[in-house]
2 protein chains.
Amino acid sequence: MDNQLINELKEKFNIVFRDVSLLEQAFTHSSYVNEHRNLQLSDNERLEFLGDAVLELLVSRFLYNQFPTVPEGRLTKLRAAIVREDSLAKFAKECHFDRYIRLGKGEENSGGRNRPSLLCDLFESFLGALYLDQGLKAVHEFLGKIVFPKVKAGAFSHEMDHKTRLQEVLQRSGDVLIDYRLVKEEGPAHERLFWTEVFCDGQLIGKGHGKSKKLAEQDAAANALGHLEE
Amino acid sequence: MDNQLINELKEKFNIVFRDVSLLEQAFTHSSYVNEHRNLQLSDNERLEFLGDAVLELLVSRFLYNQFPTVPEGRLTKLRAAIVREDSLAKFAKECHFDRYIRLGKGEENSGGRNRPSLLCDLFESFLGALYLDQGLKAVHEFLGKIVFPKVKAGAFSHEMDHKTRLQEVLQRSGDVLIDYRLVKEEGPAHERLFWTEVFCDGQLIGKGHGKSKKLAEQDAAANALGHLEE
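Given the structure is predicted, the values throughout are model-derived calculations rather than measurements.

### Examining the layout of surface pockets
Thinking step 1. Counted as a void, the largest pocket has a volume near 900 Å³.
Thinking step 2. In terms of lining, the largest pocket is formed by 23 residues, of which the most central are Thr69 and Pro71 of chain A together with Val33, Leu41 and Asp43 of chain B.
Thinking step 3. The set of elements that each furnish at least two residues to the lining of the largest pocket consists of helix H5 (72–83), helix H10 (162–170), strand S1 (178–186) and helix H11 (213–228) of chain A together with helix H4 (45–66) of chain B.
Thinking step 4. Classifying every residue of the lining of the largest pocket by side-chain character gives six nonpolar, seven polar and 10 charged.

See the structure below:
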């Protein structure tokens, strides 16, 4: 196994594998196995199968706890944004995993080392190996360094609507009461207009209007976000 | 909360919730919440979001351990068959969960209590509640009563091909070496025919032939299964 990888994992993440063969397997692409049949290696695909599910659970649990009042539909969108291919490929690169994956020559020559799908699989198989070696808690801690801080910082929140985003921003430092109040409605039924204000712990933080109550609330949330993010 | 449900869970599965409000939430459909706004209830959708991921991990881990040599592609197919809507709806019915879900009147009248999507969500939200209340191990034990025995008995194996199915059957009682040997090939290139034999720990258990090595192996596996399952 590449000592550089072992050192990097130790120094950056304080991760030391008990069973190094699991780590080795996580960094072995099927193309490498196919080109070295005499070595009787195992590729990382079964670990990826497992790691994918480990990631899904830990991200779900994190979102569930982090956003205690966000409805299921938005949690699902956010989770999808976090675990999708290009996100995971970026995490893998950030950990320098691309440097250590063992590829067959054909795969190497066709640029496999930079292919998002390959890097995404690699990230998941690393998680699978870490899970088998050290359990769920160790994977949770690793994700707490690589993934969760980005979620807290709002890196995936463009997937949410303004109201959810506002809730996320305001609840970053603790529970607050967010309250939308309809302050006015005008006009005939077919072109009625609604005015809404949004309050955080009783303090007015944004105003909006729209052709429905829902749109007026979204508008107020966007308005509040504009002030907050100035 | 319905005492009948509490009793059934205790008697059938030896499950006693510490926080009964979680169990209550798992059995509360959004249609019920909408019809009883004054009660300020929470529906089961966020628990379903979590339970879905808990199920995914536990089924993945079970399959990973149960089928130590089955490739990732087939594990993925098998997992999908186990966690799909109609499978989960059946599990929910088997546990009598359909009797206890709280529905709004509209949902009840339109047959919601028997709708697979609703029962599937209910099964997942129950798992989410159990996970929050008692951790992963408790959910694993529950699935060990309701789901895993069926997988071991081959209830989902029609999702696999004959070779995978054969492997599964033979490895049920421990690791064995399964070996396909090409014993003959005949005919011109464009209509060549292959004969294969399959051995289990060195003993011939099936014969097959086909227009490719792959098809001949599948045929031999099906032949072996025929003998084994007689």
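### Thoughts on the interface of chain A and chain B
Thinking step 1. Tallying the contact residues gives 26 residues for chain A and 26 residues for chain B.
Thinking step 2. Buried surface at the junction of chain A and chain B, summed over both partners, amounts to about 2400 Å²; 65% is from carbon and sulfur atoms.
Thinking step 3. Together, Arg46, Phe49 and Tyr64 of chain A form the three largest contributors to the area buried by chain A at its contact with chain B, with a combined 37%.
Thinking step 4. There are two salt bridges connecting chain A and chain B.
Thinking step 5. Across the salt bridge formed by Arg79 of chain A and Asp52 of chain B, the nearest N and O atoms sit 3.5 Å from each other.
Thinking step 6. Applying the counting rule to chain A against chain B returns 10 residue pairs in polar contact (both at pLDDT 80 or more).
Thinking step 7. Every element with two or more residues in the side of chain A that touches chain B is listed here: helix H4 (45–66), H5 and helix H8 (116–146) of chain A.
Thinking step 8. Among the elements that take part in the side of chain A that touches chain B, H4 of chain A stands out by supplying 14 residues, more than any other.
Thinking step 9. Taken together, the residues that form the side of chain A that touches chain B break down as 16 nonpolar, three polar and seven charged.

### Looking at the domain arrangement of chain A
Residue and element names in this part refer to chain A.
Thinking step 1. Its domain assignment divides chain A into domain 1 (3–158) and domain 2 (162–228).
Thinking step 2. The centre of domain 1, based on its C-alpha atoms, is set 38 Å off from the matching centre of domain 2.
Thinking step 3. Listed as interface residues are 10 residues of domain 1 and, on the opposing side, seven residues of domain 2.
Thinking step 4. Carbon and sulfur atoms make up 46% of the area that domain 1 and domain 2 hide from each other, which totals about 720 Å².
Thinking step 5. Counting the surface domain 1 buries against domain 2, the share from its top three residues, Phe67, Thr69 and Ser157, is 41%.
Thinking step 6. On the surface where domain 1 and domain 2 come into contact, there are zero salt bridges.
Thinking step 7. Across the domain 1-domain 2 interface, the total number found is two residue pairs in polar contact (both at pLDDT 80 or more).
Thinking step 8. Partitioning the side of domain 1 that touches domain 2 into residue classes produces five nonpolar, three polar and two charged.

### Some remarks on the relation of the copies chain A and chain B
Thinking step 1. For the pair chain A and chain B, the superposition axis carries a translation of 0.1 Å, the fit reaches an RMSD of 0.2 Å, and the rotation angle comes to 180°. The two molecules are tied by a two-fold rotation axis, judged by turn and shift. Among all C-alpha atoms of chain A, that of Leu57 of chain A lies closest to the rotation axis, at 3.3 Å.
Thinking step 2. Of the residues that chain A buries at the interface, 100% are likewise interface residues in chain B, meaning the two copies contact each other through the same surface.

So, how was this worked out
Residues numbered from 1 in each chain as written. Chains lettered and ligands numbered in written order. Predicted model: local features only at pLDDT ≥ 70, side-chain atom pairs only at ≥ 80, totals over all residues. Heavy atoms only, no water. 1 Å grid on protein atoms, 1.4 Å probe; cavity = no way out; pocket = protein on both sides within 12 Å on 5 of 7 lines; lining within 4 Å. Points joined across faces, edges and corners; volume = space filled by probe spheres on them. Helix = DSSP H or I, 4+ residues; strand = E, 2+ residues; numbered from the N terminus. Nonpolar A, V, L, I, M, F, W, Y, C, P; charged D, E, K, R; others polar. Contact = heavy atoms within 4.5 Å. Buried area = accessible area lost by both parts, 1.4 Å probe. Salt bridge = Lys/Arg side-chain N within 4 Å of Asp/Glu carboxyl O. Polar contact = N/O pair within 3.5 Å; in protein donor to acceptor, adjacent residues only side chain to side chain. Domains from an automatic or database assignment. Least-squares fit on C-alpha atoms with pLDDT ≥ 70 in both.

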